[in-house]
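Read off the chains here:
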Amino acid sequence: MPIKFDLYTNPEKEGVTTSRLHAKVITNGVVTTRNLSESINQKCTLTAADVRAVLAALNTELYNALSNGYIVHLEGIGRFSLSLKCAPDVNPEYVNASDISVKGIRFTPDKELSEMFETVQFEHETDDSRHSGNMELTEIIAKMDRYFAENQFMRRRDFEKLTGFNKSKAWRTLKVFVEDGTLKNVGTKEMPMYVKNQIKQ
């Protein structure tokens, strides 16, 4: 089955006048642990329960190894390693453990896995749910009207789901709506909660 994709405009950046496009997979959903277990069960002698038990143990072993400073290599799949972060204003002379936290887990696929994707087929399809970033202001307001008819508050993530905007564009648009009186922030600057103030016609 071909991998379906669509093209999207990169988020706007200051000083960049020409928007660039990037391709993105249109996902069909999520394959869960249960889905994987049942699928693997059809390809080997392990039962689905056995596979789930192995995956649960793998989760623990990954944590133990990574938290002890190791890189975990699953042959044919790839390498897992920790990515760290610190405050941008930290002083190197006085940095201590409390200034450091885990940013995420980095995955680097093995050559064997990467090469398997060299022969995949692609199919271009328009994903209407992700192109709402180009919607008109009146359409955004209409969507908010329908949202507030059933909800009292709106968070930034709610607005992202409503419009399909990325995080930065959602922040900018919400700021405009607050400034022109369409929305009101009844939360804090760090944790804003928006309510309908006056929807302009």
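To start, this report covers the structure provided alongside it. All values derive from a computational prediction rather than experimental measurement.

Cut-offs and rules
Residues numbered from 1 in each chain as written. Predicted model: local features only at pLDDT ≥ 70, side-chain atom pairs only at ≥ 80, totals over all residues. Heavy atoms only, no water. Pairing = 2+ DSSP bridges. Helix = DSSP H or I, 4+ residues; strand = E, 2+ residues; numbered from the N terminus. Axes fitted to C-alpha atoms, helices over the stretch in contact; angles between N-to-C directions. Salt bridge = Lys/Arg side-chain N within 4 Å of Asp/Glu carboxyl O. Buried < 20%, exposed > 50% of the residue type's maximum accessible area, 1.4 Å probe, protein only.

With respect to topology, three strands assemble into an open sheet ordered β3-β4-β5, the strand pairing being antiparallel. Across the chains shown, the open sheet's two edge strands, defined by having one partner strand only, are β3 (72–74) and β5 (100–109). For this sheet, the mean angle separating the axes of adjacent strands, direction not counted, is 25°. In this sheet, strand β4 (residues 78–86) lies alongside β3 in antiparallel orientation, the contact comprising three bridges. Across the sheet, Leu74 pairs through a bridge with Gly78, a residue of β4.

One pass over the structure, following the stated rule, counts six salt bridges. The partner of Glu115 in a salt bridge is Lys111, and the shortest N-O contact between them spans 3.8 Å. Taken as a pair, Glu115 and Lys111 lie in helix α3 (residues 111–116) at a separation of four residues, close to a single helical turn. Taking the relative accessible area as the measure of exposure, Lys111 reaches 60% and is therefore exposed. Glu160 is the partner of Arg156 in a salt bridge, and the nearest nitrogen-oxygen pair spans 2.4 Å. You can see Arg156 and its partner Glu160 sitting in helix α5 (residues 156–163), four residues apart, about one turn around the helix.

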